[in-house]
Amino acid sequence: MSGARPMRRASREVRGLTELRAIVDRARVLRVGSHDDEGPFVVPLSFGYEIGEKDDEPVWTFWAHSADEGRKVDAWTSDPVVALELDVPLGVIEGDCACSYSYAYESVMAVGTAVRVEDAAEKLHGLSLVMEHMAPGAPASFSAEAVDRVSVWRFDVRALTGKRRA
């Protein structure tokens, strides 16, 4: 799955599913870009993810939880198209002068649709993926009341690209 526009620095593009997955595994925050009547905004979230397959292509889905109300909920409800960003910082690249300094990183950017999950079993699935990503191997359980109270969001990705600056 790739974006419509070719990457300007093609030599930095990360293409393989194994490499893309490794970046997402190392990322700790999913940033979701949206807009509303107040303008554009970005929300950092804890997340989980899964990769399915359709027509021999990977299908990425990200999961997050949130309060049941607020700016992001209003925005995602009125216009569910979102931008997603994850990154892994690799440190400063030093140069001879300030203008030649740079930053090493790995990143994934995507465009998708925010879907509020209502089904209790699907909410539990999403919450389990979030907990597994954030605390791999740690036991996690959720009461029916907690699952009912929390909002769970699924981000169905339609385009995803990866980039690396070593």
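Please read all numbers here as calculations on a predicted model, not as lab measurements.

Caption draft 1: Summary view of the state of the cysteines. For the structure shown, the criterion picks out zero disulfides. With no disulfide of its own, C97 has C99 as its nearest cysteine by sulfur position, at a separation of 5.3 Å. Under the relative-accessibility criterion, C97 is labelled partly exposed at 42%. A relative accessible area of 78% means that C99 is categorised as exposed.

Caption draft 2: Spotlight on helix α1 (residues 17-26). Within α1 the residues assigned to the buried category are L20, I23 and V24. Mapping the buried residues of α1 onto a view down its axis gives an arc of 95°, with all of them on the same face.

Caption draft 3: Looking closely at the nonpolar core. Ranked by internal contacts, the top residues of the largest apolar core, which has 29 residues, are F62, W76, L84 and F155. Those elements that provide at least two residues to this core are α1, β2 (30-36), β3 (39-45), β5 (57-66), α2 (71-78), β6 (81-93), β7 (102-117) and β8 (151-165). Contacts of L84, omitting those with residues within four sequence positions, involve L30, R31, V32, F62, V108, M109, A110, F155 and V157. Among the nonpolar cores identified, the runner-up in size contains eight residues, and W63, V117, L127 and V130 belong to it.

Caption draft 4: Structural detail: a negative patch on the surface. A surface patch of negative charge is lined by E53, D55, D56 and E57. Note that D55 resides in the loop between β4 (48-54) and β5. Residue D55 is classed as exposed on the basis of its relative accessible area of 66%.

Caption draft 5: Focus on helix α3 (residues 120-134). Taking 1.5 Å per residue, 15 residues should reach 21 Å; α3 reaches 21 Å between its end C-alpha atoms and fits that length. Among all positions of α3, only K123, G126, L127, L129, V130 and H133 are buried. Seen end-on, α3 carries its buried residues on one side only, within an arc spanning 155°. Buried residues along α3 sit in contact with α1, β4, β5, β7, α4 (144-149) and β8.

Caption draft 6: Summary view of the confidence of the model for the protein. The predicted model of the protein averages 93 in pLDDT, with 97% of residues at 70 or higher. Averaged pLDDT values over the elements of the protein bottom out at 86 in strand β1 (residues 13-14) and peak at 98 in β3.

Caption draft 7: Examining the packing of aromatic side chains more closely. Under the definition given, this model contains six aromatic pairs. Taken together, a centroid distance of 5.8 Å and an interplanar angle of 25° make the contact between Y49 and W60 stacked. With Y49 in strand β4 and W60 in strand β5, the pair connects residues that are 11 residues apart, well separated along the chain. Owing to a relative accessible area of 8%, Y49 belongs among the buried residues under this scheme.

Caption draft 8: Highlighting the pairing of β2. As paired elements, β2 and β3 share seven bridges and run antiparallel to each other. Opposite L30, over in β3, you have L45 as the bridge partner. Between β2 and β3, which follow one another and run antiparallel, lie two residues. Bridge analysis of β2 against β6 gives three bridges, and the strand direction is antiparallel. Paired with V32 across the strands is L84, a residue of β6.

Definitions and limits used
Residues numbered from 1 in each chain as written. Predicted model: local features only at pLDDT ≥ 70, side-chain atom pairs only at ≥ 80, totals over all residues. Heavy atoms only, no water. Disulfide = S-S within 2.5 Å. Buried < 20%, exposed > 50% of the residue type's maximum accessible area, 1.4 Å probe, protein only. Helix = DSSP H or I, 4+ residues; strand = E, 2+ residues; numbered from the N terminus. Arc of directions from axis to C-beta. Core = buried A, V, L, I, M, F, W, Y, C linked by side-chain atoms within 4.5 Å. Contact = heavy atoms within 4.5 Å. Patch = residues over 30% accessible without salt bridge, like charges linked within 9 Å, V, L, I, M, F, W, Y side chains within 5 Å. Areas by Shrake-Rupley, 256 points an atom, 1.4 Å probe, with all protein chains shown as cover. Salt bridge = Lys/Arg side-chain N within 4 Å of Asp/Glu carboxyl O. Lys, Arg positive; Asp, Glu negative; His and termini not counted. Charge placed at Lys NZ, Arg CZ, Asp CG, Glu CD. Expected span 1.5 Å × (residues − 1). pLDDT = per-residue confidence, 0-100. Phe/Tyr/Trp six-rings, centres within 6.5 Å; stacked < 30°, edge-to-face > 60°. Pairing = 2+ DSSP bridges.

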